[in-house]
Amino acid sequence: MVNLTIDGKKVSVPGQTTIMEAAESVGIHIPRLCYLKDLNEIAACRVCVVEVDGKDKLITSCNNVVLEGMEVKTNSKKVRSHRKTTVELLLSQHSNKCVSCARNQNCSLQDLTYDLNIREIPYEEHLEKQEWNNNFPLIRDSTRCIKCMRCIQVCDKMQSLNVWGLEGTGARTTVNVTGGRKIEDANCSLCGQCITHCPVGALSERDDTEKAWNALEDETKTVVVQVAPAVRASWAEQMGLSEEEAPVGKIFDALKKMGADYVFDTVFGADLTIMEEASEFLERFTAGDLKERPMFTSCCPGWVRFVKTEFPHMLSSLSTAKSPQQMFGAVMKSYFAEKIGKNPNDIVAISVMPCVAKKAEREMDMYYGEFAGHETDIVITTRELTRMIKSAHINVSNLENIPSDNPMEDGTGAGVIFGATGGVMEAALRTAYFTLKGENPPNDAFLRVRNDGSKDGSGIRESEFDIDGVKVRTAVVSGLGNTRELLERIDKGEANYDFVEVMACPGGCVGGGGQIIHDGQEKAFERGKKLYKLDDNYEYRCSHDNPDIKKLYDEYLGKPLSFKAHMLLHTEHKINN
């Protein structure tokens, strides 16, 4: 243990502890902008400087470790003056049009400026302006970038894609897409982790709220909205509601108040995905097609984009099942459209998703019968949803917990856990178990695929299950850096599985790039627990028990993997789509 004094407090911490961590251990918060534990500890912003007795120069607390007898001041006059000057210089190179920024009131630089009582900027403004394709789902505003390099480190160390990099030298140093490429030509998975880890508004999703409002206000269109499982685990964080005060039914009520004609839970689409994906897995498994390489889930568009650019030789191993978003859109614009007597061209399908990659996935064409269009027309993120609720001046405390509409109302616990890493695998195994044994599995049969976010449980989870004498080898992975590691092991023959679930975002959709942002905090696994809690309380916990799913097959699709199901619910993965 190392003994030191911080702001007059005696502190004892293990050796190699940073000054910042030592201060936090006794309740002393040191301001910072660039710091991300284990990812970005490079002191790029120099906001976290402290004064150490015996040293003339201030030192950064995020990457300097404690020493025996050290005396530290975190808020001396010298520190405050330096910190204020540093932030003023950052502000001189940062667009300060806060009221029109997506991160207004949720910006670390804005908070720090207020805390330091900076009322005017004494330096001349120099804003860097780079061209950007504003039709791309991920938007970068170079005038807001503070060059903290978080996006670079997250994309490199966590997601292993190296989309962002530094260019130029000295005062001309800037962040840009690596290799001089345009973002649309880069291997970006659209996971959005750079957005959720940016401390300011330099990175954001393309705002599609006006498109949504235009649709909602168009009296000639029937607007149908679906809400993804992970959205209910996050939206309350922005609305000031507790978990108990924020059931998904209140989102439905808000959407109806905004003008939606029909609202549905994407849990139905998740159940439908399981029916098709689990059936496809069993078909491939029993045919012996998975001896050399496993079948991979295909419900995460960020992962699908990743495999197309990084491991294209594995494309044929993806499940052909569309994602829950696309499956729901497909049956909504066929089965449901017939039910309500509407032409699919007169229906606008809006999805509320925790994901930025879903904005690109919606571009998939739908060809069925004589209808050619899209399963999904507009995608808004959880953040965009909360902005729309606020702009509509809806008092969330008055929202009612209403059910979704018919005839795609019912959902199951298996569908709701889709939003957490391991959830897709567990849901599929529940239905595979039923198919093989003719009975539902015990509630605790597949808990081993779940990930609680602990150090020893994060990344990759491998399990083997014996179902009525049939051994099934599985792996669950979240985060594209972990995914790359797993795929390289599979390529080398060092790992063998039958079925693999992949989620691009650490923790799954609950940690998606479209979720509510809490700077410097990882909320994914905490949100995942909320979904598992909901699963415990669902009347039906297996997708094949969903009454409305059964009705859909009886009335329209026939059975999983039927010709009609293939036409509507499956796709052929190609490099250029």
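Residues numbered from 1 in each chain as written. Predicted model: local features only at pLDDT ≥ 70, side-chain atom pairs only at ≥ 80, totals over all residues. Heavy atoms only, no water.

As recorded in an unreviewed UniProt entry, the protein chain goes by the name Hydrogenase, Fe-only, listed as coming from Peptoniphilus duerdenii ATCC BAA-1640. UniProt, in the comment section headed Subcellular location (unreviewed entry), describes the protein chain in these words: "Membrane". (UniProt positions renumbered as here; feature names shortened; annotations may be inferred.)

Asker: An account of the overall build of the protein chain is needed here, citing residue identities and associated values.
Answerer: The helix and strand tally for the protein chain stands at 19 helices and 19 strands. In terms of C-alpha radius of gyration, the protein chain reaches 25 Å, essentially the compact-globule figure of 25 Å for 577 residues. Each of the three principal axes of the protein chain carries a C-alpha extent, and together these read 80 × 55 × 45 Å. Here the analysis covers contacts within the protein chain between residues at least 6 apart in sequence; of these, 72% occur between residues at least 24 apart. In the structure as shown, the protein chain presents an accessible area of about 24,300 Å², 46% of it carried by carbon and sulfur atoms. In the protein chain, which carries 69 positive and 84 negative side-chain charges, the distance between the mean positions of the two groups comes to 5 Å. (Helix = DSSP H or I, 4+ residues; strand = E, 2+ residues; numbered from the N terminus. Rg over C-alpha atoms; globule rule 2.2 N^0.38 Å. Contact = heavy atoms within 4.5 Å. Areas by Shrake-Rupley, 256 points an atom, 1.4 Å probe, with all protein chains shown as cover. Lys, Arg positive; Asp, Glu negative; His and termini not counted. Charge placed at Lys NZ, Arg CZ, Asp CG, Glu CD.)

Asker: I'd like to hear about the sheet that holds strand β16 (residues 378–381), residue by residue, with values.
Answerer: An order of β11-β10-β13-β16 is seen for the four strands of this open sheet, with the pairing classed as parallel. Strands with a single pairing partner mark the edges of an open sheet, and in this sheet they are β11 (262–265) and β16. Averaged over neighbouring strand pairs, the angle between their axes works out to 20° when direction is ignored. Bridging between strand β10 (residues 222–227) and β11 involves four bridges; their strand directions are parallel. Across the sheet, residue Val227 finds its bridge partner in β11, namely Asp265. Each of β10, β13 (347–353) and β16 is contacted by helix α6 (residues 209–216), which is oriented at about 125° to β16, the strand it contacts most. The sheet contacts of helix α8 (residues 248–258) involve β10 and β11, and relative to β11 the element is tilted by about 160°. (Pairing = 2+ DSSP bridges. Axes fitted to C-alpha atoms, helices over the stretch in contact; angles between N-to-C directions.)

Asker: Can you tell me about the sheet that holds strand β19 (residues 499–503), naming the residues and giving the values?
Answerer: Taken in spatial order, the four strands line up as β12-β19-β18-β17 in an open sheet, and their pairing is mixed. Among the strands making up the open sheet, the edge pair consists of β12 (295–296) and β17 (460–467). Here β12 pairs with β19 via two bridges, running parallel. Within the sheet, the bridge partner assigned to Met295 lies in β19 and is Phe499. Strands in contact with helix α15 (residues 423–437) are β17, β18 (470–478) and β19; relative to β19, the strand with the most contacts, it is inclined by about 155°.

Asker: Account for the domain arrangement of the protein chain, naming residues and giving values.
Answerer: Here the protein chain is described as being made up of domain 1 (2–91), domain 2 (117–206) and domain 3 (210–569). Placing a centre on the C-alpha atoms of domain 2 and another on those of domain 3 gives a separation of 29 Å. Counting from both sides, the interface comprises 19 residues of domain 2 and, opposite them, 28 residues of domain 3. Here domain 2 and domain 3 share an interface that buries about 1,900 Å² over both sides, 50% of which is from carbon and sulfur atoms. On the surface where domain 2 and domain 3 come into contact, there are three salt bridges. A salt bridge links Arg383 to Glu205; its shortest N-O distance comes to 3.0 Å. (Domains from an automatic or database assignment. Buried area = accessible area lost by both parts, 1.4 Å probe. Salt bridge = Lys/Arg side-chain N within 4 Å of Asp/Glu carboxyl O.)

Asker: With reference to specific residues and values, describe the side chain of Thr431.
Answerer: Within the element layout of this structure, Thr431 appears in helix α15. Residue class for Thr431 comes out buried when judged on its relative accessible area of 5%. For Thr431, the residues in contact, after removing those within four places along its chain, are Ile274, Ala278, Ser543 and His544. (Buried < 20%, exposed > 50% of the residue type's maximum accessible area, 1.4 Å probe, protein only.)

Asker: Hey, could you go over the UniProt feature "domain: 4Fe-4S His(Cys)3-ligated-type" (unreviewed entry) in the protein chain for me, with residue numbers and the actual values?
Answerer: The UniProt feature table records "domain: 4Fe-4S His(Cys)3-ligated-type" (unreviewed entry) at residues 78–117. The annotated region residues 78–117 carries 57% helix and 0% strand content, and the separation between its end C-alpha atoms amounts to 16 Å.

Asker: With reference to specific residues and values, describe the side chain of Arg284.
Answerer: Positionally, Arg284 belongs in helix α9 (residues 267–286). Given a relative accessible area of 15%, Arg284 falls into the buried group. Polar side-chain contacts of Arg284 include one of 2.9 Å to the backbone oxygen of Leu318. Among all residues touching Arg284, those that are not within four sequence positions of it are Asp289, Leu290, Met295, Ser316, Ser317, Leu318, Ser319 and Thr320. (Polar contact = N/O pair within 3.5 Å; in protein donor to acceptor, adjacent residues only side chain to side chain.)

Asker: Got a sec to walk through the environment of Lys529? Specific residues and values, please.
Answerer: Checked against the element boundaries, Lys529 lands in helix α17 (residues 524–537). Judged by relative accessible area, Lys529 falls into the exposed class, the value being 56%. Counting along the chain gives 77 residues from Lys529 to Asp452, while the straight-line C-alpha distance between them is 8.0 Å.

Asker: With reference to specific residues and values, describe α17.
Answerer: When the terminal C-alpha atoms of α17 are compared, their 21 Å separation across 14 residues agrees well with the 20 Å that a helix rising 1.5 Å per residue should span. Among the residues of α17, those classed as buried are Ala524, Phe525, Arg527, Gly528, Lys530, Leu531, Tyr532 and Asp535. The inward-facing, buried residues of α17 abut α7 (235–239), α14 (413–416) and α15. (Expected span 1.5 Å × (residues − 1).)

Asker: Go over the packing of α9 against helix α11 (residues 324–340), please, and point to the residues and values.
Answerer: When two helices pack together, you describe them by how their axes are tilted relative to each other and by the distance separating the axes. It is at 8 Å that the axes of α9 and α11 come closest, and there the two elements cross at 100°. In terms of orientation, α9 lies roughly perpendicular with respect to α11. In contact with Phe268, Gly269, Ala270, Leu272, Thr273 and Glu276 of α9, α11 contributes Pro324, Met327, Phe328 and Val331. Among the residues forming the contact of α9 with α11, the class breakdown is seven nonpolar, two polar and one charged. (Parallel < 35°, antiparallel > 145°, perpendicular 65-115°, else oblique. Nonpolar A, V, L, I, M, F, W, Y, C, P; charged D, E, K, R; others polar.)

Asker: Residues and numbers for a nonpolar patch on the surface, please.
Answerer: Where nonpolar side chains cluster on the molecular surface, the patch consists of Leu89, Ile121 and Tyr123 and spans about 230 Å² of accessible area. Among the structural elements, Leu89 can be located in helix α2 (residues 77–92). Owing to a relative accessible area of 40%, Leu89 belongs among the partly exposed residues under this scheme. (Patch = residues over 30% accessible without salt bridge, like charges linked within 9 Å, V, L, I, M, F, W, Y side chains within 5 Å.)

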